[in-house]
Amino acid sequence: GAVVSQHPSWVICKSGTSVKIECRSLDFQATTMFWYRQFPKQSLMLMATSNEGSKATYEQGVEKDKFLINHASLTLSTLTVTSAHPEDSSFYICSATGSANQPQHFGDGTRLSIL
Amino acid sequence: AQSVAQPEDQVNVAEGNPLTVKCTYSVSGNPYLFWYVQYPNRGLQFLLKYITGDNLVKGSYGFEAEFNKSQTSFHLKKPSALVSDSALYFCAVRDIPTELIFGAGTRLAVHP
């Protein structure tokens, strides 16, 4: 089945550091990738949608300059949390889909802890 | 606007018993409905989807879901629960063009 690889799975870093999270579709071309944030015991909150070769579309309340998204190829999207602070600590999950009729396939998530 | 509701925060079932996790939806137009499962510290795994066709959809790990248009429901079911089914389950509806709208999630606890 379709596989999405997300890396790293766990990051612990100091406040002020920038952190890059990669999301790769391993066996299909992902025309659209999504980035979610999940707080403990809560549902997923969509942060942004990115289409290959285009600028990402951010949801209301998500800072574009804080969460930089790049979708440079059909198999790779990256999320960079710039100048991370403790309030950015969360579980970040990416997903990818090849077409509107196909389900989204999710990565295993990245747990980000900012000290 | 599209939305889904999962009315139960948690469902408790004894192993071997049938389980149902409820989901109702609100859409304009034809619904594209999905069920996902999340294990601790993991991403979501796709279980099944309904787009068109038979109202009873079969998915992974023995799960199935029944689409009921008159009740606007898409309940997830399994005839015999396993302890390993214990996880967080999300119902979702696809918004235009590809965005998923998730329910709040239902925690399923299967007891030995």
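Before reading on, note that the structure itself is shown above.
Before going into details, it helps to say that this report is about the structure given with it. (Residues numbered from 1 in each chain as written. Chains lettered and ligands numbered in written order. Predicted model: local features only at pLDDT ≥ 70, side-chain atom pairs only at ≥ 80, totals over all residues. Heavy atoms only, no water.)

1. Quick word on the nonpolar core
All names here are of chain B.
Then comes step 1: Counting 26 residues, the largest nonpolar core has Trp35, Leu47, Leu48, Phe74, Leu76 and Tyr89 as its most contacted members.
Then comes step 2: For this core, the elements supplying multiple residues, two or more each, are β2 (10-14), β3 (19-21), β5 (33-38), β6 (44-50), β8 (64-68), β9 (73-78), β10 (87-94) and β12 (106-111).
Then comes step 3: It is β10 that contributes the most residues to this core, four residues altogether.
Then comes step 4: Beyond its immediate chain neighbours, meaning those up to four positions away, Leu47 contacts Trp35, Tyr36, Val37, Gly59, Ser60, Tyr61, Phe63, Leu76 and Tyr89. (Core = buried A, V, L, I, M, F, W, Y, C linked by side-chain atoms within 4.5 Å. Buried < 20%, exposed > 50% of the residue type's maximum accessible area, 1.4 Å probe, protein only. Helix = DSSP H or I, 4+ residues; strand = E, 2+ residues; numbered from the N terminus. Contact = heavy atoms within 4.5 Å.)

2. Some thoughts on the interface of chain B and chain A
Then comes step 1: Contact with chain B, which involves 21 residues of that partner, is made by 23 residues of chain A.
Then comes step 2: If you look at where chain B meets chain A, you find one salt bridge.
Then comes step 3: Its salt-bridge partner being Arg42 of chain B, residue Asp108 of chain A comes within 3.2 Å of it at the nearest N-O pair.
Then comes step 4: One can count six residue pairs in polar contact (both at pLDDT 80 or more) joining chain B with chain A.
Then comes step 5: Mapped onto the side of chain B that touches chain A, the elements with two or more residues apiece are β5, β6, β10 and β11 (100-102) of chain B. (Salt bridge = Lys/Arg side-chain N within 4 Å of Asp/Glu carboxyl O. Polar contact = N/O pair within 3.5 Å; in protein donor to acceptor, adjacent residues only side chain to side chain.)

3. What about the packing of aromatic side chains?
Then comes step 1: Applying the stated criterion across every chain yields a total of 14 aromatic pairs over all chains.
Then comes step 2: Between the aromatic rings of Phe34 of chain A and Tyr36 of chain A, the centroid separation amounts to 6.4 Å while the plane-to-plane angle is 35°, which identifies the pairing as tilted.
Then comes step 3: A relative accessible area of 0% places Phe34 of chain A in the buried class.
Then comes step 4: Tyr36 of chain A sits in the buried class, given a relative accessible area of 1%.
Then comes step 5: Taking 4.1 Å as the distance between ring centres and 15° as the angle between the ring planes, the aromatic pair formed by Tyr50 of chain B and Phe67 of chain B counts as stacked. Of this pair, Tyr50 of chain B sits in strand β6 while Phe67 of chain B sits in strand β8, placing them 17 residues apart in sequence.
Then comes step 6: A relative accessible area of 8% places Tyr50 of chain B in the buried class.
Then comes step 7: Its relative accessible area of 7% is what places Phe67 of chain B among the buried residues. (Phe/Tyr/Trp six-rings, centres within 6.5 Å; stacked < 30°, edge-to-face > 60°.)

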